[in-house]
Amino acid sequence: MRPDWDEYFIQMMDTVANRATCDRGRSGCIIVRDKRIISTGYVGSPSGLPHCDDVGHLMKQVIDDDGTTRQHCMRTIHAEQNAICQAARHGIPLEGSTLYCKMEPCRVCAMLIISCGITKVVAKSMYHAAQETRDMFAQAGVELVVLDGEVENYANQ
């Protein structure tokens with residue numbers, strides 16, 4: 001069957017994720033306007049810096065408000081951040097666009113999404129720490145669509 005537009009771009013996002021260089025969360029991102037891809041990004045280190053897949057992770061301990069301790073890799077830039085940076089680097093405005101991603105964006109990515117004028121986010125799955133993102137998107141008028149109600153799990157979460 002022919003996929004609808006959201007399914008189509010999510011499938012493409014999965015393909016972009018194959019370029020990711022951190023095995024903890026191989027995620028990708030596609031930004032679309034008028035059903036045309038205008039930018040892509042994947043999880044990876046900034047250009048010219050070593051990648052997790054080559055030199056290992058740069059793990060830091062993060063303590064949530066509820067006292068839960070998690071491990072977070074600090075070597076990489078999130079797929080959403082990379083897609084936004086690529087658009088900026090090439091002078092592509094993102095106002096009124098739709099962002100497709102693996103899971104609901106983190107708080108920092110959400111702030112960038114709001115600030116650059118993206119109006120809709122389609123996530124393949126839920127993110128365990130996305131409540132602030134949901135709240136900010138609601139306040140800013142960014143539409144959030146989650147295709148699968150399951151929470152995304154990844155290594156050493």
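Residues numbered from 1 in each chain as written. Predicted model: local features only at pLDDT ≥ 70, side-chain atom pairs only at ≥ 80, totals over all residues. Heavy atoms only, no water.

Some remarks on helix H3 (residues 79–89)
The line we're drawing: Throughout this description, buried means an accessible area under 20% of the type-specific maximum (1.4 Å probe, protein chains only), exposed means over 50%, and partly exposed covers the range between. Helix and strand labels come from DSSP, where a helix needs a run of H or I of at least four residues and a strand needs a run of E of at least two; each type is numbered from the N terminus. In what follows, a contact means two residues having at least one pair of non-hydrogen atoms within 4.5 Å.
Here H3 has its buried residues at Ala 79, Glu 80, Gln 81, Asn 82, Ala 83, Ile 84 and Ala 87. Where the residues of H3 are buried, they touch strand E1 (28–33), strand E2 (36–42), strand E5 (98–103) and helix H4 (107–115).

A look at the UniProt feature "domain: CMP/dCMP-type deaminase" (unreviewed entry) in the protein
So the rule is basically this: UniProt positions are given in the numbering used here, feature names are shortened, and annotations may be inferred rather than shown by experiment.
UniProt feature "domain: CMP/dCMP-type deaminase" (unreviewed entry): in the numbering of this structure it lies at residues 4–144. Between the end C-alpha atoms of residues 4–144 the distance is 17 Å, and the span holds 33% helix and 26% strand.

Let's talk about the sheet that holds strand E6 (residues 120–125)
Within a sheet, neighbouring strands are paired by backbone hydrogen bonds and run either parallel or antiparallel to one another. Threshold: Pairing between strands is defined by DSSP: at least two bridges between the two strands are required. Angles shown run from 0 to 180 degrees and are taken between the N-to-C directions of axes, each axis being a line fitted to C-alpha atoms and, for helices, limited to the stretch in contact.
Ordered in space as E2-E1-E5-E6-E7, the five strands form an open sheet in which the pairing is mixed. Each edge of the sheet is formed by a strand with only one pairing partner; in this case those strands are E2 and strand E7 (143–146). The mean inter-strand angle of the sheet, taken between neighbouring strand axes irrespective of direction, is 20 degrees. With six bridges connecting them, E1 and E2 associate as antiparallel partners. Bridge assignment links Ile 30 to a residue of E2, and that residue is Thr 40. Sheet strands touched by helix H1 (residues 5–17): E1, E2, E5 and E6. Its angle to E1, the strand with the most contacts, is close to 140 degrees.

Examining the packing of H3 against H4
Operational definition: Throughout, the term roughly parallel applies to angles under 35 degrees, roughly antiparallel to angles over 145, roughly perpendicular to angles from 65 to 115, and oblique to all others. Take the far helix as the reference: if the near one is turned anticlockwise from it by less than a right angle, the crossing is left-handed, and if turned clockwise, right-handed.
For the pair H3 and H4, the least separation of the axes is 9 Å and the interaxial angle reads 30 degrees. Relative to H4, the element H3 lies roughly parallel. Crossing hand, H3 versus H4: left-handed. Here Glu 80, Gln 81 and Ile 84 of H3 come into contact with H4, specifically with Val 108, Cys 109, Leu 112 and Ile 113.

A short note on the environment of Val 151
Mapped onto the fold, Val 151 is located in the segment after E7. For Val 151 and Lys 124, which are 27 residues apart along the polypeptide, the C-alpha to C-alpha distance reads 9.8 Å. Non-local contacts of Val 151, meaning those with residues more than four positions away in its chain, are made with Met 126, Tyr 127 and His 128.

A short note on a nonpolar patch on the surface
Rule in force here: Patch definition: residues with relative accessible area over 30% and no salt bridge; like charges joined within 9 Å; nonpolar side chains (Val, Leu, Ile, Met, Phe, Trp, Tyr) joined within 5 Å. Using a 1.4 Å probe, accessible areas were evaluated by the Shrake-Rupley method; residue-level cover was limited to the displayed protein chains. Salt bridges are defined by distance alone: a side-chain nitrogen of Lys or Arg within 4 Å of a carboxyl oxygen of Asp or Glu.
Side chains of Val 108, Met 111 and Leu 112 sit close together on the surface and give an oily, nonpolar patch of about 220 Å² of accessible area. As for its placement among the helices and strands, Leu 112 is situated in helix H4. Owing to a relative accessible area of 35%, Leu 112 belongs among the partly exposed residues under this scheme.

Quick notes on the nonpolar core
Heads up, the rule is: Side-chain atoms within 4.5 Å link the members of a nonpolar core, which is a set of buried Ala, Val, Leu, Ile, Met, Phe, Trp, Tyr and Cys residues.
Ile 31, Leu 94, Leu 99, Ile 113, Ile 118 and Val 121 are the most contacted members of the largest nonpolar core, which has 23 residues in total. Sorting the residues of this core by element identifies E1, H3, E5, H4, E6 and helix H5 (131–140) as the ones contributing at least two each. Per element, the largest residue contribution to this core is four residues, and it comes from H3. Setting aside chain neighbours within four positions, we find Ile 31 in contact with Arg 36, Ile 37, Ile 38, Ser 39, Ala 83, Ile 84, Leu 94, Ser 97, Thr 98, Leu 99 and Ile 118. Judged by nonpolar contacts, the second largest core, of eight residues, contains Val 16, Ile 30, Tyr 100 and Val 122.

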